[in-house]
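Residue strings, one per chain:
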Amino acid sequence: MSAPFRYCPQCTEALVEREHGGMLRQACPDAGCGYVYWDNPTPVVAAVVEHEGEIILARNALWPQRFFALVTGFLERNEDPAEAVLREVEEELGLQGSDPGFIGHYRFERMNQLIIAYHVVAHGRIELGEELSEYIRVPFDKVRYWPAATGLALRDWLRSRGYDPQQIELPRRG
Ligand SMILES: [Zn+2]
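The rules behind the values
- Residues numbered from 1 in each chain as written.
- Predicted model: local features only at pLDDT ≥ 70, side-chain atom pairs only at ≥ 80, totals over all residues.
- Helix = DSSP H or I, 4+ residues; strand = E, 2+ residues; numbered from the N terminus.
- Buried ≥ 20, exposed ≤ 12 C-beta atoms within 10 Å, placed from the backbone.
- Contact = placed C-beta atoms within 7 Å.
- Domains from an automatic or database assignment.
- Core = buried A, V, L, I, M, F, W, Y, C linked by C-beta atoms within 7 Å.

Quick notes on the overall build of the chain
Here's step 1: What the chain contains, in helices and strands, is two helices and 11 strands.
Here's step 2: The linear arrangement of helices and strands in the chain, starting from the amino end, is β-β-β-β-β-β-α-β-β-β-β-α-β.
Here's step 3: Along the longest, intermediate and shortest principal axes, the C-alpha atoms of the chain span 60 × 35 × 30 Å.
Here's step 4: Taking all 174 residues of the chain together, 28% fall into the buried category.
Here's step 5: The long-range fraction of contacts in the chain, counting pairs at least 24 apart against all pairs at least 6 apart in sequence, stands at 55%.

Printed below as a string of structure tokens:
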């Protein structure tokens, strides 16, 4: 994976490809600088939101298709993932959640993210934040999952409750 920039962010030398830790990486040729673009994954929290006995799926305002998914968000510095997921549920749905139950972590390779997924029982009246454009409520036995990180978290939580969710047929790209 190449860096999203061509020049060293520390000393502005042009980056070169070099082996570090057993992998080819973009690195600064200046030995005194020593910058390496490690390309580590970014942690992202995701919430399977349960509200009044149903699952809430939301559509991000930036997504072109009518595709509904989990509430997700980045961690703040020093923030506990369990606190971050409750903050995201409040910011994006206007709901108060408590006692987030850890589902698992999932690799989202395309975005180089590590998804940290929780089940959150949330209360209140839904008011969408700026990032979301609409939401749907789905009964547990009608939820279908998508074959990517957050969808697999949703599937695994439903299975843990004894449901047998089916996979969505995704529209083919191109
Ligand atoms: Zn440098």
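Re unusual backbone geometry
Here's step 1: The residue Glu 52 is not glycine, and still its phi comes out positive at about 50 degrees.
Here's step 2: Within the element layout of this structure, Glu 52 appears in the loop between strand 4 (42-51) and strand 5 (54-60).
Here's step 3: For Asn 112, which is not glycine, the phi dihedral falls at a positive 55 degrees.
Here's step 4: Mapped onto the fold, Asn 112 is located in the loop between strand 7 (96-108) and strand 8 (113-123).
Here's step 5: By C-beta crowding, Asn 112 is classed as exposed, having 12 other C-beta atoms within 10 Å.

Here's the deal with the domain arrangement of the chain
Here's step 1: When cut into domains, the chain gives domain 1 (1-38) and domain 2 (42-163).
Here's step 2: Just the C-alpha atoms count here: the centres of domain 1 and domain 2 sit 35 Å apart.

Brief notes about the nonpolar core
Here's step 1: In terms of nonpolar packing, the biggest core is built from 34 residues, with Ala 46, Ala 47, Val 48, Val 49, Val 89, Ala 117 and Ala 153 touching the most fellow members.
Here's step 2: Of all elements in the fold, only strand 4, strand 5, helix 1 (81-93), strand 7, strand 8 and helix 2 (149-160) reach the threshold of two or more residues within this core.
Here's step 3: The contacts of Val 48, once residues within four sequence positions are left out, are Ile 55, Leu 70, Ile 103, Ala 117, His 119, Ala 153, Leu 154 and Trp 157.

Some words on the environment of Ala 149
Here's step 1: Along the chain, Ala 149 falls in helix 2.
Here's step 2: Here Ala 149 falls in the buried class, since 24 other C-beta atoms lie within 10 Å of it.
Here's step 3: With 17 residues separating them in the primary sequence, Ala 149 and Gln 166 have C-alpha atoms 15 Å apart.
Here's step 4: Beyond its immediate chain neighbours, meaning those up to four positions away, Ala 149 contacts Tyr 106, Arg 107, Phe 108 and Ile 115.

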